[in-house]
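Fold and contact review
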Amino acid sequence: MNKLPKEWSDVATGQFIELTRILERSYSTELDRNIDLLATLKNTTRAEIEAMRISDIKADVRQTAFLSDISSMPTALPAFFTLKGKLYDVQLDITKITGYQLIDLMSFTRVPSEIPQNIHNIMAVMAIPRRYFWKKGSYSGDRHPQLAQLFYERLPITISRPLALFFWNVWSNLPGGIVDCSLEKLRETEYEMQKVMKNLKQSKTLTVSRINTVG
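Heads up: these notes are all about the structure in this document.

What follows covers the side chain of Thr44. Structurally, the position occupied by Thr44 is in the loop between α2 (30-41) and α3 (46-50). What makes Thr44 buried here is its relative accessible area of 17%. Among the polar contacts listed, one links the side chain of Thr44 to the side chain of Glu48, at a separation of 3.0 Å.

To continue, consider the pairing of strand β3 (residues 86-90). Within β3, 4 of the 5 residues are buried, which leaves the element mostly enclosed by the surrounding structure. Pairing between strand β2 (residues 80-83) and β3: 4 bridges, direction antiparallel. Note on β3: the bridge partner recorded for Phe81 is Tyr88. Linking β2 to β3, which pair antiparallel, is a turn of 2 residues; within it Lys84 sits at a positive phi near 55°. Alignment of β3 against strand β4 (residues 127-129), held across 3 bridges, turns out to be antiparallel. Paired with Tyr88 across the bridge in β4 is Pro129.

The next point concerns α2. Every α-helix carries 3.6 residues per turn, so stepping three or four residues along brings you back to the same face. Compared with an ideal rise of 1.5 Å per residue, which puts 12 residues at 16 Å, α2 spans 16 Å between its outermost C-alpha atoms and is within 8% of the ideal. Of all 12 residues making up α2, 9 are buried, and the element is well covered by its neighbours. Where α2 is concerned, the buried positions are Arg33, Asn34, Ile35, Asp36, Leu37, Leu38, Ala39, Thr40 and Leu41. Asn43 occupies a position one or two residues after α2 and carries a positive phi of about 55°.

With that out of the way, let us pick up the side chain of Gln101. Relative to the assigned elements, Gln101 resides in helix α5 (residues 99-109). Not counting residues up to four positions away in its chain, the partners in contact with Gln101 are Val125, Met126, Ile128 and Tyr139.

Of all hydrophobic cores here, the largest spans 51 residues; its most connected members are Phe81, Met123, Phe151 and Phe167. Here the element with the most residues in this core is helix α8 (residues 157-172); it accounts for 7 residues.

Here we take up the packing of helix α6 (residues 119-126) against helix α7 (residues 144-154). Put simply, α6 and α7 touch, their axes get as near as 8 Å, and they point 125° apart. Between α6 and α7, the angle is such that the two are oblique. Two packed elements cross with a definite hand, and for α6 against α7 that hand is right-handed. Of the residues in α7, those touching α6 at His120, Asn121, Met123, Ala124 and Val125 are His144, Leu147, Ala148, Phe151 and Tyr152. Of the residues that constitute the contact of α6 with α7, the class distribution is 7 nonpolar, 3 polar and no charged.

With that settled, the discussion passes to the packing of aromatic side chains. Evaluation of the coordinates by the stated rule reveals 5 aromatic pairs. Here the aromatic rings of Phe81 and Phe151 are separated by 6.0 Å at their centres, their planes lie at 65°, and the arrangement is edge-to-face. Taken together, the residues span a long stretch of sequence, with Phe81 in strand β2 and Phe151 in helix α7 at a distance of 70 residues. Each member of the pair, Phe81 together with Phe151, is buried. Among the aromatic residues, those joined into a ring-pair cluster are Trp8, Phe16 and Phe66.

Turning next to unusual backbone geometry. For Asn43, which is not a glycine, the phi torsion comes out positive at approximately 55°. We note that Lys84 has phi near 55°; this positive angle belongs to a residue other than glycine. Looking at the secondary structure, you find Lys84 in the loop between β2 and β3.

Moving on, we come to the environment of Arg143. Residue placement: Arg143 occurs in the loop between β4 and α7. By relative accessible area, Arg143 is classed as partly exposed at 29%. In this structure, the C-alpha to C-alpha distance between Arg143 and Ala124, residues 19 residues apart in sequence, is 8.5 Å. In this view, Arg143 contacts Ile128, Pro129 and Ser138; residues no more than four positions away in its chain are not counted. Among the polar contacts listed, one links the side chain of Arg143 to the backbone oxygen of Ser138, at a separation of 2.8 Å.

Reading guide: rules and limits
- Residues numbered from 1 in each chain as written.
- Predicted model: local features only at pLDDT ≥ 70, side-chain atom pairs only at ≥ 80, totals over all residues.
- Heavy atoms only, no water.
- Helix = DSSP H or I, 4+ residues; strand = E, 2+ residues; numbered from the N terminus.
- Buried < 20%, exposed > 50% of the residue type's maximum accessible area, 1.4 Å probe, protein only.
- Polar contact = N/O pair within 3.5 Å; in protein donor to acceptor, adjacent residues only side chain to side chain.
- Pairing = 2+ DSSP bridges.
- Expected span 1.5 Å × (residues − 1).
- Contact = heavy atoms within 4.5 Å.
- Core = buried A, V, L, I, M, F, W, Y, C linked by side-chain atoms within 4.5 Å.
- Axes fitted to C-alpha atoms, helices over the stretch in contact; angles between N-to-C directions.
- Parallel < 35°, antiparallel > 145°, perpendicular 65-115°, else oblique.
- Left-handed = near helix turned anticlockwise from the far one by under 90°.
- Nonpolar A, V, L, I, M, F, W, Y, C, P; charged D, E, K, R; others polar.
- Phe/Tyr/Trp six-rings, centres within 6.5 Å; stacked < 30°, edge-to-face > 60°.

Purely geometric stuff here, so don't read any function into it on its own.
Here's what the structure looks like:
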């Protein structure tokens, strides 16, 4: 079994997604819930956790106490980060994304309640791997599933969650009809997004962090 995470930066995006599902699920006892939580955090099976001594299970649960305070998670937005030795650029100015990115982003942010389960998909739209270290890449919808899976398994939630919430914040501030726009309405959408971006900057909501290095 893997070691338990000691802080939010040790929690992968996929683990966080599964944790939210476990916390929302009904259980007959808290022990059952804690067993699923530990299995997720240790990337192991429920059977292996059940085979542990109760005293060890309780000790592990105490070690994950930081999970109960989501406010302790960083909120700064990384403009770029590295994962497994590859550099990714994040386009924080949503008015500069391509039409393809816009359409895909809409599909993952249209329903607010589904955003926590789509964090990795949102990241795979907005984080673009560099072609070379000195040359930026471009968005490819064909590459999205593979990239989303990588982010699900390896990207710390401290990088992905603030960005997913930021893009949803931009989206939720747009007029209702805009979120269902087609390519023909991109000009109108861009104008509305420019106003939202300006308001976010003025309110100091847009805080960019330094580069994050992972793996």
